[in-house]
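# What the coordinates show
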Amino acid sequence: MWVVPRATSITVLRPCCVRHQRRGTFYFCITREKWEELTMAFQKPTGTQDLLPGTVEKWQYVEEKARDLCRRFNYREIRTPIFEQTSLFERGVGETTDIVEKEMYTFEDKGGRSMTLRPEGTAGVVRSYVENKLYGEPDVSKLYYIGPMFRYERPQAGRQRQFHQFGIEAFGATDPAIDAEVISLGYQFCIELGLKGVKVEVNSVGNAAVRAAYREKLLGFLLPMKESLCKDCQSRIERNPMRVLDCKTDQEKFVNAPSILDSLDEECSTHFEQVKKYLDEMGVDYSVNPRLVRGLDYYTLTAFEYKAQGIGAIDTVGGGGRYNGLVGEVGGPDQPGIGLGIGLERIQLILESQGVEVPAVKPLDVYLVALGESAEQEITKQLFKLRQAGFSAERDYLGRKMKAQMKSADRMQARYTAILGDDELARGEIALKSMENGEQKTVKLSELADELK
């Protein structure tokens, strides 16, 4: 128990009937845990962040760039729930992945159902594609999403427990050209944002038959070194040996691992060669990484990652691949698919580290200054009319003097200030001042919007 003065502004548990002999002040007892709870200031959860005005505009710029690019590539937006049934991710993402084994935020709802905050975007989009029978559309379904994802992992630069992804998915086509289109869209997104040193690593993970044959070769390579590998790799060797190659701890031990490219059959090899040919023709800067398998179990054939300079050892911005069996895995018809996901926290980190200029706060069009009671009434009306006309406009609400109001206009980067006194109001006029060059002129109140245009 802790002893605290009665005057302390807290809710107490019970009186302890102890009197301070010197001052005669009553004290109360509370537990240490209760004291910390009552006096602690609320803070954001670990691994999350507040995006404040001045910063959020940079995020809006990146998101607008993604939306514009998707419009040009003819991808339509889809919005799916932030939480889904846990079994969707167990089946879709893969039970041997780090995401499912260690990182999911899973809870039981009041109906006793196991639910999980989405750790990635593809599984939910595939579920929606199947449930809403989008496979019945005559054309390829091309979708995109932007939103928060959740993984319980150690927070670090560019990696949060609540993070944001921009992703696209294309369903219904096996043509290698759609693989190249998806890869090029993500690449172009990075280029148009102004990122430097952007490269794409590509690989083919084959089909089920190819992976079965490759699995035996890989086991022959991994089993002799099993005891020297990390615990995660040891547990995965038998269940899913390809996932071992994705380990960040023991990468140097896999330099001489057999390449899956040597196990590709003719169909898979032809598909991969065609994807590379399209990328060459598009001018995408890429290289082949035969150990690239990605961290999700649903990939088939094409797999890829985007790399960029400026975020240290973890230089992956995003990635994706083809998942020809996933739609059927979640209960739909056998439809092919391919997609990508890009982490927006990492994009922001690279933009900052590379010194890329990103538009932040947009200037205010006009700041209205009122001098006098009658002018105050008129300014409120004029402010609303200007906003109706499409202008960004503001006024003072703190009763400040004109000098303070002009400083406020300057802080908001207002292009113009419109100053109205009671005398100007009687004449039906208002003073309009350019904050760039200081020029000022008088215009009719009824023509203020036209003058600003």
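Named according to an unreviewed UniProt entry, the protein chain is histidine--tRNA ligase originating from Dorcoceras hygrometricum. UniProt, in its Subunit (unreviewed entry) section for the protein chain, records the words "Homodimer."

Looking now at the pairing of strand S9 (residues 162-171). The buried fraction of S9 is high, at nine of ten residues. Pairing analysis gives ten bridges linking strand S8 (residues 141-150) to S9, with the strands arranged antiparallel. Bridge pairing in S9 links Ser141 to Phe171. Pairing between S9 and strand S14 (residues 337-343): seven bridges, direction antiparallel. Paired with Gly167 across the two strands is Gly341, which belongs to S14.

This next bit is on the pairing of strand S18 (residues 429-434). Direction of pairing for strand S17 (residues 416-421) relative to S18: antiparallel, over a ladder of four bridges. Across the sheet, the residue bridging to Tyr416 is Ser434, located in S18. As paired strands, S18 and strand S19 (residues 440-444) are joined by five bridges and run antiparallel to one another. Looking at the pairing, Lys433 lines up with Gln440 of S19.

Under the defined criterion, the tally for this structure stands at 24 salt bridges. Here Lys142 and Glu181 are joined by a salt bridge, their closest N and O atoms 3.0 Å apart. With Lys142 in strand S8 and Glu181 in helix H6 (residues 176-192), this residue pair connects regions lying 39 residues apart in the sequence. Note on Lys142: relative accessible area 13%, which makes it buried.

Time to look at the packing of helix H2 (residues 56-72) against helix H11 (residues 344-353). Orientation of H2 relative to H11, taken along the N-to-C sense of each, is 110°, at an axis distance of 11 Å. Between H2 and H11, the angle is such that the two are roughly perpendicular. You can see that H2 and H11 cross each other, and the crossing is right-handed. Here Lys58, Trp59, Val62 and Glu63 of H2 come into contact with H11, specifically with Leu344, Glu345, Ile347, Gln348 and Leu351. For the contact of H2 with H11, the residue count by class is five nonpolar, one polar and three charged.

Turning our attention to the nonpolar core. Of all hydrophobic cores here, the largest spans 47 residues; its most connected members are Phe171 and Phe254. Here the element with the most residues in this core is helix H7 (residues 208-222); it accounts for six residues. Residues in contact with Phe171, not counting those within four places in the same chain, are Val125, Val126, Tyr129, Val140, Ser141, Leu143, Tyr323, Val327, Pro336 and Gly337. Counting residues in each nonpolar core, the second largest holds 43 residues, with Ala173, Tyr306, Leu344 and Ile347 among its members.

Turning to the environment of Asp450, a few remarks are in order. Here Asp450 is to be found in helix H15 (residues 448-452). What makes Asp450 exposed here is its relative accessible area of 56%. Taking the C-alpha atoms as reference, Asp450 lies 9.4 Å from Ala389; in sequence the two are 61 residues apart.

Looking now at unusual backbone geometry. With phi around 55°, Lys133 is a residue other than glycine that occupies positive phi space. Residue placement: Lys133 occurs in the loop between helix H5 (122-131) and S8. With relative accessibility at 55%, the residue Lys133 sits in the exposed group. The phi angle at Leu301 is positive, at roughly 55°, despite the residue not being glycine. Inspection of the secondary structure puts Leu301 in strand S12 (residues 300-307).

Another aspect to go through is the UniProt feature "binding site: L-histidine" (unreviewed entry) in the protein chain. Mapped onto this numbering, the UniProt entry gives "binding site: L-histidine" (unreviewed entry) at Glu120, Gly121, Thr122, Arg151, Gln165, Glu169, Arg294, Tyr298 and Tyr299. Tracing the backbone through its elements, the reader meets Thr122 in helix H5. Its relative accessible area of 7% is what places Thr122 among the buried residues. Excluding residues that lie within four positions of it along the chain, Thr122 makes contacts with Tyr145, Glu169, Tyr298, Tyr323 and Leu326. Apart from the residues within four sequence positions on either side, Arg151 is in contact with Ile99, Glu103, Tyr105, Pro119, Glu120, Gln160, Arg161, Phe163 and Gln165.

What follows concerns the environment of Ala66. Locating Ala66 in the fold gives a position in helix H2. The class for Ala66 is buried, based on a relative accessible area of 1%.

Hydrogen bonding along the main chain pairs the strands of a sheet, whether they run parallel or antiparallel. Pairing is mixed across the open sheet formed by five strands, whose spatial order is S16-S15-S17-S18-S19. Across the chains shown, the open sheet's two edge strands, defined by having one partner strand only, are strand S16 (393-395) and S19. Neighbour-to-neighbour, the strand axes of the sheet open up by a mean angle of 25°, direction not taken into account. The sheet contacts of helix H12 (residues 373-388) involve strand S15 (366-371), S16 and S17, and relative to S15 the element is tilted by about 165°. Together, S15, S17 and S18 form the strand contacts of helix H13 (residues 402-411), whose direction differs from that of S15 by roughly 175°.

Moving on, we get to the sheet that holds strand S13 (residues 316-322). Strand order across the open sheet formed by eight strands is S4-S8-S9-S14-S13-S12-S10-S11, with mixed pairing between neighbours. Each edge of the sheet is formed by a strand with only one pairing partner; in this case those strands are strand S4 (76-77) and strand S11 (286-288). Of the strand pairs in this sheet, S13 and S14 are connected by five bridges, and their pairing is antiparallel. Counted as the bridge partner of Gly318 is Ile342 from S14. Taken strand by strand, H2 contacts S4, S8 and S9, and its axis lies near 160° from that of S8.

The rules behind each value
- Residues numbered from 1 in each chain as written.
- Predicted model: local features only at pLDDT ≥ 70, side-chain atom pairs only at ≥ 80, totals over all residues.
- Heavy atoms only, no water.
- UniProt positions renumbered as here; feature names shortened; annotations may be inferred.
- Buried < 20%, exposed > 50% of the residue type's maximum accessible area, 1.4 Å probe, protein only.
- Helix = DSSP H or I, 4+ residues; strand = E, 2+ residues; numbered from the N terminus.
- Pairing = 2+ DSSP bridges.
- Salt bridge = Lys/Arg side-chain N within 4 Å of Asp/Glu carboxyl O.
- Axes fitted to C-alpha atoms, helices over the stretch in contact; angles between N-to-C directions.
- Parallel < 35°, antiparallel > 145°, perpendicular 65-115°, else oblique.
- Left-handed = near helix turned anticlockwise from the far one by under 90°.
- Contact = heavy atoms within 4.5 Å.
- Nonpolar A, V, L, I, M, F, W, Y, C, P; charged D, E, K, R; others polar.
- Core = buried A, V, L, I, M, F, W, Y, C linked by side-chain atoms within 4.5 Å.

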